[in-house]
Amino acid sequence: MIHCEGLVKIYKTEEIEVVALQGLNITVAKGEMMAIIGNSGSGKSTLLNILGGLDRPSAGQVQVGEWNLLKITDEELVRYKRETVGFIWQNNARNLVPYLTALENVEMPMMLSGKYDRPYAKQLLEWVGLKERVNNKLQQLSGGEQQRVAIAIALANRPSMLLADEPTGSVDTRTSDMIMDIFRRLNRELGVTIVIVTHDMTLVSKVDRVVAIRDGMTSTEFIKRNPNLDQSEAEAQAAAGKSTIHDVHEEYVVLDRAGRLQIPRTYLQALGIEGKASMEFDGEKIIIRPPKALG
């Protein structure tokens with residue numbers, strides 16, 4: 001569904017140039033539900049904006065389904081945003097029109113695209129657990145209910161991909177779990193590809209694959225050992241206050257086509273490596289050490 005290779009995004013002003021993505025590589029399979037994590041400024045939101053058609057890449061390759069987002073025209077971009085991708089913001093104000101009811105909010109993108117379907121709009125609200133709230137105005141809904149309306153809106157035009165930017169960042173733990181359950185059900189029953197950007201480590205235990213981005217590049221991946229297991233192990237550990245990602249996922253370092261990888265800064269600092277390192281292959285593994293002192 002998504003294939004990015006050597007993806008670059010540069011923001012320029014008269015005084016400064018910022019490289020937000022520095023040759024990022026990522027592939028997401030059709031029908032996959034996965035998460036992207038990274039610190040503030042790592043490039044994860046920039047990637048999401050490019051995939052959502054909200055920003056243009058500077059260089060590299062970025063393909064979403066049939067669409068080449070590096071060469072897409074403005075007219076095609078409108079179609080792409082209407083038909084292929086649904087976007088959920090952390091800030092409910094960006095998802096919702098306050099003076100409309102929940103149902104009218106879901107119907108609006110249908111009307112804009114010429115695909116008005118009231119029964120489907122009602123069905124979406126039922127899927128997100130708001131069957132009895134379809135005629136409520138937004139001020140009559142809680143923050144968690146508003147976020148569930150936002151999910152229904154994002155699905156209104158039957159997109160093949162759903163992008164969620166910190167979808168549980170402004171709700172409590174119980175509502176967060178409910179939203180993730182909705183995502184899992186939609187992913188399973190509708191086959192929609194779901195990409196979640198988050199810094200919440202309890203969320204990433206609930207997806208099969210997690211990609212970590214650091215300094216505008218893909219650094220590591222966490223892949224669930226057995227994606228067919230239920231969530232009981234992760235939920236039990238989360239209830240005990242333990243970080244679950246290392247317990248239920250295997251961690252892999254990501255290599256690009258040129259064989260480059262990112263070594264975590266904490267590892268380098270622990271070894272006193274700065275600028276250069278000694279590397280050797282002993283027949284079974286690659287060993288990286290601080291350089292030997294000269295003389």
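Rules and cut-offs
Residues numbered from 1 in each chain as written. Predicted model: local features only at pLDDT ≥ 70, side-chain atom pairs only at ≥ 80, totals over all residues. Heavy atoms only, no water. Phe/Tyr/Trp six-rings, centres within 6.5 Å; stacked < 30°, edge-to-face > 60°. Buried < 20%, exposed > 50% of the residue type's maximum accessible area, 1.4 Å probe, protein only. Lys NZ or Arg CZ within 6 Å of the ring centre and 35° of its normal. Patch = residues over 30% accessible without salt bridge, like charges linked within 9 Å, V, L, I, M, F, W, Y side chains within 5 Å. Areas by Shrake-Rupley, 256 points an atom, 1.4 Å probe, with all protein chains shown as cover. Salt bridge = Lys/Arg side-chain N within 4 Å of Asp/Glu carboxyl O. Helix = DSSP H or I, 4+ residues; strand = E, 2+ residues; numbered from the N terminus. Core = buried A, V, L, I, M, F, W, Y, C linked by side-chain atoms within 4.5 Å. Contact = heavy atoms within 4.5 Å. Pairing = 2+ DSSP bridges.

The chain has the name Vitamin B12 import ATP-binding protein BtuD in an unreviewed UniProt entry, where Paenibacillus solanacearum is given as its organism.

What follows deals with the packing of aromatic side chains. Following the criterion strictly, the structure yields three aromatic pairs and no others. Between the aromatic rings of Phe 87 and Trp 89, the centroid separation amounts to 4.4 Å while the plane-to-plane angle is 25°, which identifies the pairing as stacked. In this pair, the class of Phe 87 matches that of Trp 89, namely buried. The aromatic ring of Tyr 11 is capped on one face by Lys 9, whose charged end is 5.0 Å from the ring centroid. Here the basic side chain of Arg 158 rests over the ring of Tyr 120, its NZ or CZ set 3.7 Å away from the ring centre.

Taken together, the side chains of Met 108, Met 111, Leu 112 and Tyr 116 define a hydrophobic patch exposed on the protein surface, amounting to about 410 Å² of accessible area. As for its placement among the helices and strands, Tyr 116 is situated in the loop between helix H3 (102-112) and helix H4 (118-127). Judged by its relative accessible area of 44%, Tyr 116 falls in the partly exposed class.

Moving on: the nonpolar core. Residues Ile 88, Val 106, Leu 125, Val 149, Ile 151, Leu 162 and Phe 183 are the most contacted members of the largest nonpolar core, which totals 43 residues. Here the element with the most residues in this core is helix H5 (residues 143-154); it accounts for six residues. Ignoring any residue separated from it by four or fewer positions in sequence, one finds Ile 151 in contact with Ile 88, Val 128, Ile 179, Ile 182, Phe 183 and Leu 186. Membership of the second largest hydrophobic core comes to 30 residues, among which are Leu 21, Leu 48, Val 62 and Val 85.

Here we take up the pairing of strand E2 (residues 17-28). Two elements, strand E1 (residues 2-12) and E2, share nine bridges in a ladder whose sense is antiparallel. Counterpart to Ile 10 in the pairing with E2 is Val 19. Hairpin connection of E1 to E2: four residues between the antiparallel strands.

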